[in-house]
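Residue-level listing of the chains:
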Amino acid sequence: MLATGAAGGYGTYSNIKGAYNSGTALGAVAAGEGATAVLALVLLGLTMLGQSSPAVVRAGLWALPAAASAMSAVAAPDGPRTVIYAITPLGMSVSAEGMAFLARRIVVHVDGRDAESEARAAAVVQALAYHRARAANHPDKKIRKRSDRASWRLARKVGTADVTLGARLLDVQRERITTGADVALGDMFAITVTPPTAPVTAGRDAVTAAVTPALPPAPEPGSGEGAVTGGRDGEDTQVNEPLTGLDGEGVTPVVTPVTLDQLAAIAGVSTPLIGEPLTDEQIVVVLRYLRYSDDPPLSYRQTAAAFRESGFTGGEARIRGAWATLMAQEESPR
């Protein structure tokens, strides 16, 4: 890069010296390539210090060689050499920009931050905040409208060329993709085994055998023994028939489903309410309640659909994360 810049400066000096004297050529090179070299060193130093360069420095890196290019083109004796004379001074600009760009990339690699990108991002965010405030509170309707449009144009530039923001967004997307793949594979390869439940077939005799030992023996006919007292007004209450089910069949046990309040109490969280923001633990409780509201248990898609239809609030990413937690709890040996 230094050699390219030196060659460009020497070429400019030779070209102008052919049309003017050596002093004029030396002054032209100093004003063009020399000043460009000074600005390149300033840009390089600021970049190595981790600071953003002023706009006037970046503009001067191209304005001064452009002026030298125009001066060389005027000094050319004919048309073909006009193009060569005009291109020669641009070698210094390319060298300066190349050194500054390489230095900036080295600083970004070592320190993990880009001063130029941060300065541009700060300027965009500051302008966006100003235009949003003016679009909301300015008394002039036309100015509000212009600021509103300007804010939308600035919104497209937020985060542009921000290496740190890009890395963080990629980490978030990787986590979401991993969670989604885990949930999808869990739905595909999960096997729900429902153990068979033996029906209760105990009839009249079985119920009688279970109840009779707890009852006093039946009295013999004509005797006043074996009565169970405790009826109304001290009257004796006699048990004549054992307890049986309907039409002499056995009594079928009734299974009471677990409520959402009970699941929340077991998990140690407050009861999730419809329409209110939920914590991650509350979303897990709601998903468990909805998953086992039917037999066989619902899949992820069915549970997520039931979650939304029930009116609970929660984003797709949080629901997927809570489902992964629920699946991990179900697969845990505990």
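Before reading further, recall that the structure is shown in the block above.
Read on for an overview of the structure.

The rules behind the values
Residues numbered from 1 in each chain as written. Predicted model: local features only at pLDDT ≥ 70, side-chain atom pairs only at ≥ 80, totals over all residues. Heavy atoms only, no water. Axes fitted to C-alpha atoms, helices over the stretch in contact; angles between N-to-C directions. Helix = DSSP H or I, 4+ residues; strand = E, 2+ residues; numbered from the N terminus. Parallel < 35°, antiparallel > 145°, perpendicular 65-115°, else oblique. Left-handed = near helix turned anticlockwise from the far one by under 90°. Contact = heavy atoms within 4.5 Å. Nonpolar A, V, L, I, M, F, W, Y, C, P; charged D, E, K, R; others polar. Phe/Tyr/Trp six-rings, centres within 6.5 Å; stacked < 30°, edge-to-face > 60°. Buried < 20%, exposed > 50% of the residue type's maximum accessible area, 1.4 Å probe, protein only. Patch = residues over 30% accessible without salt bridge, like charges linked within 9 Å, V, L, I, M, F, W, Y side chains within 5 Å. Areas by Shrake-Rupley, 256 points an atom, 1.4 Å probe, with all protein chains shown as cover. Salt bridge = Lys/Arg side-chain N within 4 Å of Asp/Glu carboxyl O.

1. Here we look at the packing of helix α11 (residues 280–291) against helix α13 (residues 316–331)
Line of reasoning, step 1. Put simply, α11 and α13 touch, their axes get as near as 9 Å, and they point 65° apart. Here α13 runs roughly perpendicular to α11, going by the angle between their axes. For the crossing formed where α11 meets α13, the hand is right-handed. Listed contacts from α13 to Asp280, Ile283, Val284, Leu287, Arg288 and Arg291 of α11 are Arg318, Ile319, Ala322, Trp323, Thr325, Leu326, Met327, Gln329 and Glu330.
Line of reasoning, step 2. Considering only residue class, the contact of α11 with α13 consists of eight nonpolar, two polar and five charged.

2. Re the packing of aromatic side chains
Line of reasoning, step 1. For the structure on display, the rule yields two aromatic pairs.
Line of reasoning, step 2. With a centroid separation of 5.4 Å and 65° between ring planes, the pair formed by Tyr300 and Trp323 is classed as edge-to-face. Highlighted residues: Tyr300 in helix α12 (residues 300–309) and Trp323 in helix α13, separated in sequence by 23 residues.
Line of reasoning, step 3. For Tyr300, a relative accessible area of 4% puts it in the buried group.

3. Considering unusual backbone geometry
Line of reasoning, step 1. Between Asp295 and Pro296 the backbone carries a cis peptide bond, its omega angle lying at 5°.
Line of reasoning, step 2. Within the element layout of this structure, Pro296 appears in the loop between α11 and α12.

4. Describing a nonpolar patch on the surface
Line of reasoning, step 1. Residues Met1, Leu102, Ile106 and Val110 make up a contiguous nonpolar surface patch of about 390 Å² in total accessible area.
Line of reasoning, step 2. The class of Met1 is partly exposed, set by a relative accessible area of 49%.

5. A few points about the environment of Arg134
Line of reasoning, step 1. Summarising the element assignment, Arg134 is placed in helix α6 (residues 115–137).
Line of reasoning, step 2. Overall, Arg134 belongs to the partly exposed group, its relative accessible area being 23%.
Line of reasoning, step 3. Taking the C-alpha atoms as reference, Arg134 lies 9.3 Å from Arg146; in sequence the two are 12 residues apart.
Line of reasoning, step 4. Excluding residues that lie within four positions of it along the chain, Arg134 makes contacts with Ile143, Arg144 and Ser147.

6. Considerations on the pattern of salt bridges
Line of reasoning, step 1. Counted by the stated rule, this structure contains five salt bridges.
Line of reasoning, step 2. The shortest N-O distance in the salt bridge between Arg291 and Glu330 comes to 3.1 Å. Of this pair, Arg291 sits in helix α11 while Glu330 sits in helix α13, and the two are 39 residues apart along the sequence.
Line of reasoning, step 3. Overall, Arg291 belongs to the buried group, its relative accessible area being 9%.
Line of reasoning, step 4. In this structure, Glu316 and Arg320 form a salt bridge, with 3.3 Å as the shortest nitrogen-oxygen distance. Of the two residues, Glu316 and Arg320 both sit in helix α13, four residues apart, roughly one turn of that helix.

Limitation: the analysis is restricted to geometry and does not speak to function.
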